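# Architecture at a glance
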Amino acid sequence: MHDHVFICYAREDQVFTLELAGNLRDRGIPVWIDQVDIPTGADWDMAIDDALYECATLLIVISPDAVSSTEVRGELRTALDEGKTILPLIHKACRIPRQLRLLQYADFTNLEPADEDGLKQVLEALGIESTRI
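A few points on the structure. Predicted model only: the values in this text are computed from it and were never measured.

Within the secondary structure, Asp13 sits in the loop between strand 1 (5-8) and helix 1 (14-26). Leave out the neighbours within four places in its chain, and Asp13 touches Ser63, Asp65, Ala66, His91 and Lys92.

The next thing to look at is the packing of helix 3 (residues 44-54) against helix 5 (residues 70-81). Direction vectors running N to C along helix 3 and helix 5 enclose 35°, while the axes themselves pass 10 Å from each other. Pair helix 3 / helix 5 crosses with right-handed handedness. Across the interface between the two elements, Ile48, Leu52 and Tyr53 from helix 3 touch Glu75, Thr78 and Ala79 from helix 5. Within the contact of helix 3 with helix 5, the residues separate by chemical class into four nonpolar, one polar and one charged.

So, about a negative patch on the surface. Together, Asp43, Asp45, Asp49, Asp50, Glu54 and Glu71 make up a region of like negative charge exposed at the surface. When residues of the negative patch are assigned to their parent elements, the largest contribution, four residues, is made by helix 3. When you line up the elements, Asp45 lands in helix 3.

Take the nonpolar core next. Note that soluble globular proteins tend to have their nonpolar side chains buried in a common cluster. Among the nonpolar cores identified, the biggest contains 20 residues, and Phe6, Leu58, Ile60 and Ile86 are the most heavily contacted of them. Mapped onto this core, the elements with two or more residues apiece are strand 1, helix 3, strand 3 (57-62), helix 5 and strand 4 (85-90).

The bond known as a disulfide is covalent and runs between the sulfur atoms of two cysteines. Scanning the model with the defined rule gives zero disulfides in all. Not engaged in a disulfide, the cysteine Cys8 finds its nearest cysteine sulfur in Cys55; these two sulfurs lie 9.9 Å apart.

Reading the values: the criteria
Residues numbered from 1 in each chain as written. Predicted model: local features only at pLDDT ≥ 70, side-chain atom pairs only at ≥ 80, totals over all residues. Heavy atoms only, no water. Helix = DSSP H or I, 4+ residues; strand = E, 2+ residues; numbered from the N terminus. Contact = heavy atoms within 4.5 Å. Axes fitted to C-alpha atoms, helices over the stretch in contact; angles between N-to-C directions. Left-handed = near helix turned anticlockwise from the far one by under 90°. Nonpolar A, V, L, I, M, F, W, Y, C, P; charged D, E, K, R; others polar. Patch = residues over 30% accessible without salt bridge, like charges linked within 9 Å, V, L, I, M, F, W, Y side chains within 5 Å. Areas by Shrake-Rupley, 256 points an atom, 1.4 Å probe, with all protein chains shown as cover. Salt bridge = Lys/Arg side-chain N within 4 Å of Asp/Glu carboxyl O. Lys, Arg positive; Asp, Glu negative; His and termini not counted. Charge placed at Lys NZ, Arg CZ, Asp CG, Glu CD. Core = buried A, V, L, I, M, F, W, Y, C linked by side-chain atoms within 4.5 Å. Buried < 20%, exposed > 50% of the residue type's maximum accessible area, 1.4 Å probe, protein only. Disulfide = S-S within 2.5 Å.

This is the structure in structure tokens:
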């Protein structure tokens, strides 16, 4: 699976992020998210590394918790080092990490994860035409 979207987020944002991942999957987007895609008994770190190295795009859910998370920063650094396409999605207002400041982002600060206009932004950024809007 080398065309999936790896979703990077802080655990504190899991409710929003899991719903977002479900909404993207409902639209046919092959997403990978740790809580759903790591099988029982699998080595957590190895599963994350494999999915991150094999993804086409890293969708990073940005919030104050994500910005302060060493795990999120590490996943972002790996994606940048590997030349992955990065899609920033602002969930909660915060200082945007310097590595992401030049990238256009999807703004969900006032949106729910099922918001059609917001999802359309994400689909367009992924180069996918939305048929469900």
